[in-house]
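Listed below are the residues making up each chain.
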Amino acid sequence: MNSLADYVFVSAVLFGIGVYGLVVKRSALRLLFSVEIMINAANLNFVAFSQYLWKDAVGQTIVLFSIALAAAEAAVILAIVVVAYRLHKDVDVSKLKDLEG
Amino acid sequence: MVDVFFIAMMVVVVGGAIVALEADEIVYGAIALAGSLFGVAALFFLLNAPYVAVFQITVYVGAVAVLILFTVMLVRQEKWANEVSSRSVTRLAGVLTGVAVAGSLAAAVIGSSVTSTTSLQSTSFLQIGQLISTGYAPILEALALVLAASVVGAITLSRVDREESGK
């Protein structure tokens, strides 16, 4: 049997990869990938702790809500990416400076 | 003891995440991200949470991954390679930050005694249904509004005006 520590380990590694992507990448799509990876790491942690320690369904329920929220967020981000590409022919976030004061 | 399937899925999840961020062609990155999310769904199955696993597959692998693929193809550039900004200093800082975050997270929890439990809760569709339809019902309603608002917002954002496109 797997123990809780195994899942927490996978989740921590996933979250670390997400942080790395947020720091290094400049393409808006890669940043979206990073955020999705980090959300998945958090969801995995949620379900793992709920199933091993609390042994009720609250963790699973909240992860369902979290997945739905992540889908909504992805839709909005992708729309913004499409608009930015139409205006600038580029999705490099370091070149999108229209909102800079 | 860790079983073989778990190790395989761990490799799929972590490897998929790395390929998603590092692949030169971003289309392959999107596909690798879908594979990674699928691996997370498999881990949910291993955790005796099949409802969450199937929800993850339908929403992430079914909807979000396809949405990402479409966007990637809409905004395709000749050279995605030059998005790899990174001077080696940035890259090194990124690796260090990632390793530090992952290491501190893992060390904080794995060192404690609670994480050695191996008894897993069995499947509970009934409990999920009861929670969603009673205590968490307001959140479900709010979430429906949020989803509707986000879809309307996405459509409004990406709509092309007729006058603008006509010229």
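It should be emphasised that the depicted structure is a prediction, and the values quoted were computed from it without experimental measurement.

Novice: Go over the overall build of chain B, please, and point to the residues and values.
Specialist: Looking only at helices and strands, chain B has seven helices and zero strands in total. A separation threshold of at least 6 residues defines the contact pool for chain B, and within that pool the share at least 24 residues apart is 51%.

Novice: Residues and numbers for the overall build of chain A, please.
Specialist: Helix and strand counts for chain A stand at three helices and zero strands. The secondary structure elements of chain A, listed N-terminal to C-terminal, are α-α-α. Against the 2.2 N^0.38 benchmark of 13 Å for 101 residues, chain A shows a C-alpha radius of gyration of 17 Å, more extended than a compact globule. If you take every contact in chain A between residues at least 6 apart in sequence, the share linking residues at least 24 apart comes to 48%.

Novice: Outline the environment of B:Leu147, supporting the account with residue identities and numerical values.
Specialist: Summarising the element assignment, B:Leu147 is placed in helix α6 (residues 137-158). Residue classification places B:Leu147 among the partly exposed residues on the basis of 15 C-beta atoms within 10 Å. With residues up to four places along the chain from it excluded, the contact list for B:Leu147 reads A:Ala68 and A:Ala72.

Novice: Which residues make up the confidence of the model for chain B, and what values go with them?
Specialist: On average, chain B scores 85 in pLDDT, and the residues at 70 or more come to 88%. Note on the complex model: pTM 0.88, ipTM 0.90.

Novice: Lay out the interface of chain B and chain A in plain terms, naming residues and giving numbers.
Specialist: Between chain B and chain A, the residue contacts involve 77 residues of the former and 63 residues of the latter. At the level of elements, α1 (4-22), α2 (26-46), α3 (50-74), α4 (88-110), α5 (125-133) and α6 of chain B are the ones that each hand at least two residues to the side of chain B that touches chain A. Its residues assigned to classes, the side of chain B that touches chain A comprises 53 nonpolar, 21 polar and three charged.

Novice: Kindly report on the domain arrangement of chain B, identifying the contributing residues and their values.
Specialist: What the domain assignment reports for chain B is domain 1 (1-78) and domain 2 (124-161). Each of domain 1 of chain B and domain 2 of chain B has a C-alpha centre, and these two points are 23 Å apart.

Novice: Any chance you could break down the packing of helix α3 (residues 58-88) of chain A against α6(B) for me, citing the residues and the numbers?
Specialist: Where α3(A) meets α6(B), the closest approach of the two axes is 8 Å, and the angle between their N-to-C directions is 10°. Between α3(A) and α6(B), the interaxial angle falls into the category roughly parallel. Residues A:Phe65, A:Ala68, A:Leu69, A:Ala72, A:Ala75, A:Val76, A:Ala79, A:Ile80, A:Val82 and A:Val83 of α3(A) pack against B:Ile139, B:Leu143, B:Val146, B:Leu147, B:Ser150, B:Val151, B:Gly153, B:Ala154, B:Leu157 and B:Ser158 of α6(B). Taken together, the residues that form the contact of α3(A) with α6(B) break down as 17 nonpolar, three polar and no charged.

Reading the values: rules and limits
- Residues numbered from 1 in each chain as written.
- Chains lettered and ligands numbered in written order.
- Predicted model: local features only at pLDDT ≥ 70, side-chain atom pairs only at ≥ 80, totals over all residues.
- Helix = DSSP H or I, 4+ residues; strand = E, 2+ residues; numbered from the N terminus.
- Contact = placed C-beta atoms within 7 Å.
- Rg over C-alpha atoms; globule rule 2.2 N^0.38 Å.
- Buried ≥ 20, exposed ≤ 12 C-beta atoms within 10 Å, placed from the backbone.
- pLDDT = per-residue confidence, 0-100.
- Nonpolar A, V, L, I, M, F, W, Y, C, P; charged D, E, K, R; others polar.
- Domains from an automatic or database assignment.
- Axes fitted to C-alpha atoms, helices over the stretch in contact; angles between N-to-C directions.
- Parallel < 35°, antiparallel > 145°, perpendicular 65-115°, else oblique.

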